[in-house]
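The chain contents come next:
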Amino acid sequence: MKTVSENAAFGGVQGVYAHASDVTGCDMTFGLYLPPAAQAGPVPVLWYLSGLTCTHENAMTKAGAQGWAAEAGIALVFPDTSPRGDAVADDDAYDLGQGAGFYVDATEAPWAPHFGMWSYVSDELPQLVADAFPVDITRAGITGHSMGGHGALTLAMAHPGRYRSLSAFAPIAHPTQSDWGKKQLSAYLGDDPAAWDTHDATLMMRAKGFDGPVLIDQGSEDQFLDLLMPEALAEAMMARRQQGSFRMQKGYDHSYFFVSTFMRDHVRFHAEVLNA
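Cut-offs and rules
Residues numbered from 1 in each chain as written. Predicted model: local features only at pLDDT ≥ 70, side-chain atom pairs only at ≥ 80, totals over all residues. Heavy atoms only, no water. Helix = DSSP H or I, 4+ residues; strand = E, 2+ residues; numbered from the N terminus. Contact = heavy atoms within 4.5 Å. 1 Å grid on protein atoms, 1.4 Å probe; cavity = no way out; pocket = protein on both sides within 12 Å on 5 of 7 lines; lining within 4 Å. Points joined across faces, edges and corners; volume = space filled by probe spheres on them. Buried < 20%, exposed > 50% of the residue type's maximum accessible area, 1.4 Å probe, protein only. Pairing = 2+ DSSP bridges. Salt bridge = Lys/Arg side-chain N within 4 Å of Asp/Glu carboxyl O. Core = buried A, V, L, I, M, F, W, Y, C linked by side-chain atoms within 4.5 Å. Nonpolar A, V, L, I, M, F, W, Y, C, P; charged D, E, K, R; others polar. Bend = angle between axes of the 7 residues up to and from the residue. Axes fitted to C-alpha atoms, helices over the stretch in contact; angles between N-to-C directions. Parallel < 35°, antiparallel > 145°, perpendicular 65-115°, else oblique. Left-handed = near helix turned anticlockwise from the far one by under 90°.

## Here we look at the environment of Val13
Within the element layout of this structure, Val13 appears in strand β2 (residues 12–21). Residues Val13 and Val129 lie 116 residues apart in sequence; the distance between their C-alpha atoms is 14 Å. Apart from residues no more than four positions distant in its own chain, Val13 is found in contact with Glu6, Asn7, Leu32, Tyr33 and Leu34.

## Let's talk about the layout of surface pockets
The computed volume of the largest pocket comes to approximately 190 Å³. Around the largest pocket sit Gly51, Leu52, Thr53, Tyr94, His145, Ser146, Trp180, Gln223, Phe224, His254, Ser255 and Tyr256, which together line it.

## Structural notes on the pairing of strand β5 (residues 75–79)
Summarising burial for β5: 5 of the 5 residues are buried, a large majority. Of the two faces of β5, the one holding Ala75, Val77 and Pro79 and the one holding Leu76 and Phe78 are both buried throughout. In this sheet, β5 lies alongside strand β3 (residues 26–34) in antiparallel orientation, the contact comprising 4 bridges. Residue pairing for β5: Phe30 is matched across the bridge by Pro79.

## Remarks on the pattern of salt bridges
Between side chains of opposite charge, a pair can form when the charged atoms approach closely. Summed over the entire model, instances satisfying the criterion amount to 7 salt bridges. With a closest N to O distance of 2.9 Å, Asp265 and Arg247 form a salt bridge. Residue Asp265 is found in helix α9 (residues 256–274), and its partner Arg247 is found in strand β9 (residues 244–249); the two are separated by 18 residues along the sequence. The class for Arg247 is partly exposed, based on a relative accessible area of 27%. Shared partners join several salt bridges into a network, and the residues in it are Asp217, Arg247 and Asp265.

## Some remarks on the nonpolar core
By size, the foremost hydrophobic cluster in this structure holds 82 residues, and its most contacted members are Phe30, Leu32, Trp47, Ile142 and Tyr188. Every residue in contact with Tyr188, bar those within four places of it in the chain, is listed here: Leu96, Gly97, Ala100, Gly101, Phe102, Val104, Ala106, Thr107, Glu108, Trp111 and Phe115.

## Some words on empty space enclosed by the protein
Counted by the stated rule, this structure contains 1 cavity of 30 Å³ or more. Taken as a whole, the largest cavity holds about 30 Å³ of empty space. Of all the secondary structure elements, the ones that give two or more residues to the lining of the largest cavity are β4 (43–49), β5 and α9. Split into classes, the residues belonging to the lining of the largest cavity amount to 7 nonpolar, 1 polar and no charged.

## Details of helix α3 (residues 117–132)
Maximum bend of α3: about 35°, positioned at Glu124, with proline Pro126 one to four residues after it. When α3 is considered as a whole, its buried residues turn out to be Met117, Trp118, Ser119, Tyr120, Val121, Ser122, Glu124, Leu125, Pro126 and Val129. Packed against the buried residues of α3 are β2, β3, β4, β5, β6 (135–144) and α4 (147–158).

## Focus: the packing of α3 against α4
Remark: α3 packs on α4, axes separated minimally by 11 Å, with the N-to-C direction vectors making an angle of 60°. As far as their axial angle goes, α4 and α3 are oblique. Note on packing geometry: the crossing formed by α3 with α4 is right-handed. On α4, the residues touching Trp118, Val121 and Ser122 of α3 are Thr154, Leu155 and Ala158.

## Notes on unusual backbone geometry
In this structure, the amide linkage connecting Ala109 to the following residue, Pro110, adopts the cis form with an omega of 0°. Along the chain, the position of Pro110 falls in the loop between β5 and α3. Of note in this structure, Ser146 is not a glycine but carries a positive phi near 60°. With respect to the element layout, Ser146 can be found in the loop between β6 and α4. If you check the backbone angles, Met229 has positive phi at about 55° while not being a glycine.

Remember, this is a structural readout, not a statement about activity or role.
Structural data, given as structure tokens:
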């Protein structure tokens, strides 16, 4: 593993690291924030999955999470959103290919050789982090924004016991019924909609729910509301009697101004569970 950079932040260290991934078949980069508490031993971890067009860097520099993580004594991991490189398939559209991995393990050409973000985020990267840093991956929460919120929700519900807490900012909530989903799921997973179900947060909430608390924040002025379909997830949570909260935040849009405004709430929400 290569250290790309390390910077002191709020008494801890914000690092960026690169490594060769067996799952994606290319080099991957991720950000990791270690709070001051990590100097005394392994700390809980919060995974943050970013949205379309993002890299590991967007949330790392814009979400304002490090100060709250330092206060709470938890690590933050910022994975990339897709494999990258000259040998990795891509598309001219912003919402498919590099920067748009959708947190699935692709089965279709030309994506299958590299687009294994589901396994990368849930298995390979956690083990790598646990082996190299003072991070306790058995005390993990997961969150994300937009496409990353979709990834956080579906990964958590598909892996009972893997994550103790779950949250999302403006997630793509019902991708099997949205143009932000049908296009990508058919490209990556094929034309059989049955293969898409475990990657739809609304369907997963109806079928399984999450075995812990959930926090969802959605801006009322989000310019992508019709694509995100938050009402479907809210209805599924209510029908499931899911432990948690769905909050419609008046006046907020889809930007990192929205994410950073409510980041303290989300870090504290996860910390309360992970430090219990």
